Amino acid sequence: MKYPEHKLVQKCLLEIEENLEWGSSDFWHNDVFIELSETIQQHTQVLLSPTTLKRIWGKVNYKSAPSISTLNTLSQFAGYINWRDFKLKNESQKPLWLEKRILQNMGIIVTSAAVLTIVFISFYSMIGSNQNKLKEIDLTKIEFSSQPITDGLPNSVVFDFDLNHITSDSIYIQQFWDVTKTIKINPEQNQATGIYYYPGYFGAKLLIDGKLIKEHDLFISSEEWIGTIDYKPVPKYVQSKDLFHNNLSFSKPILQEITANSTPIVSSFHLVKDFKDSSGDNLSIKTSVRNVYKEKWAVCQSLKIVVLGTNGALVIPFSIPGCVSDINLMLNDVYLNGKEHDLSVFGVDLSEFRTIGINIKEKHVIVLIDDKEIYSGLYNKSIGNIVGFRYRFLGAGEVDYLNITQEPKGKVILDQNF
């Protein structure tokens, strides 16, 4: 059974989707709800967890009505004062004069309704016919592939496809999990291009009339370390030859550019390459890092260490103890929000070099600081083979060394003393 105000809540959600322009929520994945949670918090100063949002959007089976505080927050995010304000402006009222007019013209209304019914039946029969045409086409004959144009970044990708005579006016290529990164396709096209600003392992999707028809993996590698200052929408790139200054770090002019920002900015080090079928679920990782800027907006010394796989990722966060409420831990399909879970064990002062260990054995993760275990947790869905490693500093940081071995045999995957 749906709760009494379900229709009004759905109307509010639809307004939010239209305002966001992220595409239909039918295609929203876990990462989208994580981003939505962060976006709502930025606008309302109230945190709604990704789990809560997925429940409200019907991605998780949950029949209880949202709390009034949740409805107030969603209403504010949609542009209203609170839930009461949203209801007052959206609930349909029936004035007495309208009720009288309806009774006086009931005969005309009934006749008109009959005519409209015939029209609608004809219209939907046409739609059904078009949908049946799509079903009749052998979707296995539709081809969809891609090829990066270059080896560097940013990198444009050419998508090749044969739509097998499909004439739909709703054909899109979704470049990766972000549903806003789509390319509209005309039925007569057989090629399209898209641009990627960061290295990674992406899933490209071909959507026809909202239905996923084809998808394939797309690998944008860096081959060697690159740095980025993560401006939006286009980052600034720092090539490998300009990154090594005793450690993996940025040059003094780049650090001055970062610290001169009046608003928070993230800088990153990326290494994305083919590690020759090395399982991401059985690794021993050891690295030494520090944060080199902790003034103004970077006082929290936030750091995220990201292990990239072919089927997912692990995101291990750190900050000073006083800021752990704002960090989030992601072990592929397991997400822990610092507002809802005690992540204080990840509170560490990174103003000096600290040794961080991440041991993964059959999806069991153990995190260590200076060889002392601080966290142990499990995830369920394999991240696949390891394809990359990423450091994301709020402000700027540097890395002394990184060692990655494949367990249980201890095969060295990467061993770099910067």
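Residue numbers restart at each chain and count upward from 1, following the sequence in its written direction. Where totals are concerned, whole chains, interfaces and linings use all residues; where local detail is concerned, this predicted model gives features only for residues with pLDDT of at least 70, and gives and counts side-chain atom pairs only at 80 or more. The side-chain numbers reported here are obtained from all heavy atoms of the structure, hydrogens and water having been left aside.

Peer 1: What is the right way to read the overall build of the chain from this model?
Peer 2: Working definition: helices are DSSP H or I runs of at least four residues, strands are E runs of at least two. Numbering for both runs from the N terminus. A count of helical and extended segments in the chain gives eight helices and 23 strands. For the chain, the proportion of its 418 residues judged to be buried stands at 44%. The criterion used for residue contact is that any of the two residues' heavy atoms lie within 4.5 Å. Residue pairs in contact within the chain that sit at least 24 positions apart in sequence constitute 62% of those at least 6 positions apart. Per-residue accessibility takes into account occlusion by the displayed protein chains alone, with areas from the Shrake-Rupley method and a 1.4 Å probe. A total of about 22,400 Å² of accessible surface is found on the chain, and carbon and sulfur atoms cover 52% of it. The classification of residues rests on relative accessible area computed with a 1.4 Å probe and restricted to protein chains. Under 20% of the type maximum is buried, over 50% is exposed, and intermediate values are partly exposed.

Peer 1: Please explain helix α2 (residues 30-44) as it appears in this structure.
Peer 2: An α-helix turns once every 3.6 residues. As a result, residues three or four positions apart point the same way. One less than the number of residues in a helix, times 1.5 Å, gives the span that helix is expected to have. Between the first and last C-alpha of α2 there are 21 Å, a value that for 15 residues agrees with the 21 Å anticipated at 1.5 Å per step. Among the residues of α2, those classed as buried are V32, F33, I34, L36, S37, T39, I40 and T44. Contacts made by the buried residues of α2 are with α1 (6-20), α3 (50-56), α4 (68-77), β16 (328-331) and β17 (334-337).

Peer 1: I'm lost on the nonpolar core in this one. Help?
Peer 2: A general trend in soluble globular proteins is that nonpolar side chains are found buried together. Throughout, nonpolar core names a set of buried Ala, Val, Leu, Ile, Met, Phe, Trp, Tyr and Cys residues whose side chains join them through atoms within 4.5 Å. One finds W225, F318 and Y391 to be the most contacted residues of the largest nonpolar core, which totals 54 residues. Broken down by element, this core gets its largest block of residues, five residues, from strand β21 (residues 386-394). The next biggest cluster of nonpolar side chains, apart from the first, holds 24 residues, and it includes L20, F33, L53 and L74.

Peer 1: Mind showing me how you'd approach the sheet that holds strand β8 (residues 226-229) here?
Peer 2: A pair of strands is labelled paired if DSSP reports no fewer than 2 bridges between them. Spatially, eight strands are ordered β9-β8-β12-β21-β14-β15-β16-β17 in an open sheet, and the strand pairing comes out antiparallel. Every other strand in the sheet has two partners, leaving β9 (236-238) and β17 as the edge strands with one partner each. Each adjacent strand pair in this sheet contributes to an overall mean axis angle of 20°, direction not counted. Every angle, taken between N-to-C directions, lies between 0 and 180 degrees, and every axis is a line fitted to C-alpha atoms, over only the stretch in contact when it is a helix.

Peer 1: Mind showing me how you'd approach the pattern of salt bridges here?
Peer 2: If charged atoms from side chains of opposite charge come close, those side chains can pair. Any Lys or Arg side-chain nitrogen found within 4 Å of a carboxyl oxygen on Asp or Glu counts as a salt bridge. Within the structure shown, the criterion is met by ten salt bridges. Here D326 ties to K339 by a salt bridge, and the two come within 2.6 Å at their closest N and O atoms. On the criterion of sequence distance, the pair formed by D326 in the loop between β15 (313-318) and β16 and K339 in the loop between β17 and β18 (354-361) is long-range, its members being 13 residues apart.

Peer 1: Mind showing me how you'd approach the side chain of N291 here?
Peer 2: Inspection of the secondary structure puts N291 in strand β13 (residues 282-291). Polar side-chain contacts of N291 include one of 3.0 Å to the backbone nitrogen of Y293. We call two N or O atoms a polar contact when they sit within 3.5 Å, provided that within protein one can donate a hydrogen and the other can accept it, with sequence-adjacent residues counted only if both atoms are side-chain atoms.

Peer 1: Quick question: what am I supposed to make of the environment of G194 here?
Peer 2: When you line up the elements, G194 lands in strand β5 (residues 191-196). Once the C-alpha coordinates of G194 and I173 are considered, the two residues, 21 residues apart in sequence, prove to be 9.1 Å apart. Aside from chain neighbours lying at most four places away, what touches G194 is N155, S156, V157, F159, Q175 and I183.

Peer 1: Honestly, the state of the cysteines in this entry has me stumped. Any pointers?
Peer 2: Cysteine pairs can be covalently joined through their sulfur atoms, and such a bond is termed a disulfide. Our working definition of a disulfide is a cysteine sulfur pair at a distance within 2.5 Å. Per the stated rule, a full pass over the model turns up one disulfide. Here C300 is linked by a disulfide to C323, with a sulfur-sulfur distance of 2.0 Å. The S-S bond linking C300 to C323 shows a torsion near -70°; that makes this disulfide left-handed. Taken together, the residues span a long stretch of sequence, with C300 in the loop between β13 and β14 (303-309) and C323 in the loop between β15 and β16 at a distance of 23 residues. A relative accessible area of 16% places C300 in the buried class. C323 gets classed as buried once you look at its relative accessible area, which sits at 13%.

Peer 1: So what exactly am I meant to see when it comes to the packing of aromatic side chains here?
Peer 2: Ring pairs are drawn from Phe, Tyr and Trp, using the six-membered ring of Trp, whenever the two centres fall within 6.5 Å, and their geometry is named by plane angle: stacked under 30 degrees, edge-to-face over 60, tilted for the rest. Taken as a whole, this structure holds 20 aromatic pairs when the rule is applied. Ring plane angle 15° and centroid distance 6.0 Å describe the contact between F144 and F159, whose orientation is recorded as stacked. Of the two residues, F144 sits in strand β1 (residues 143-148) while F159 sits in strand β2 (residues 155-162), which places them 15 residues apart along the sequence. Relative to F269, the ring of F250 has its centre 4.8 Å away and its plane inclined at 25°; by these criteria the two rings are stacked. Placement of F250 in the loop between β11 (247-248) and α8 (252-259) and of F269 in strand β12 (residues 266-272) is noted, with a sequence separation of 19 residues between them. Classification of F250 as buried rests on a relative accessible area of 3%. Note on F269: relative accessible area 0%, which makes it buried.

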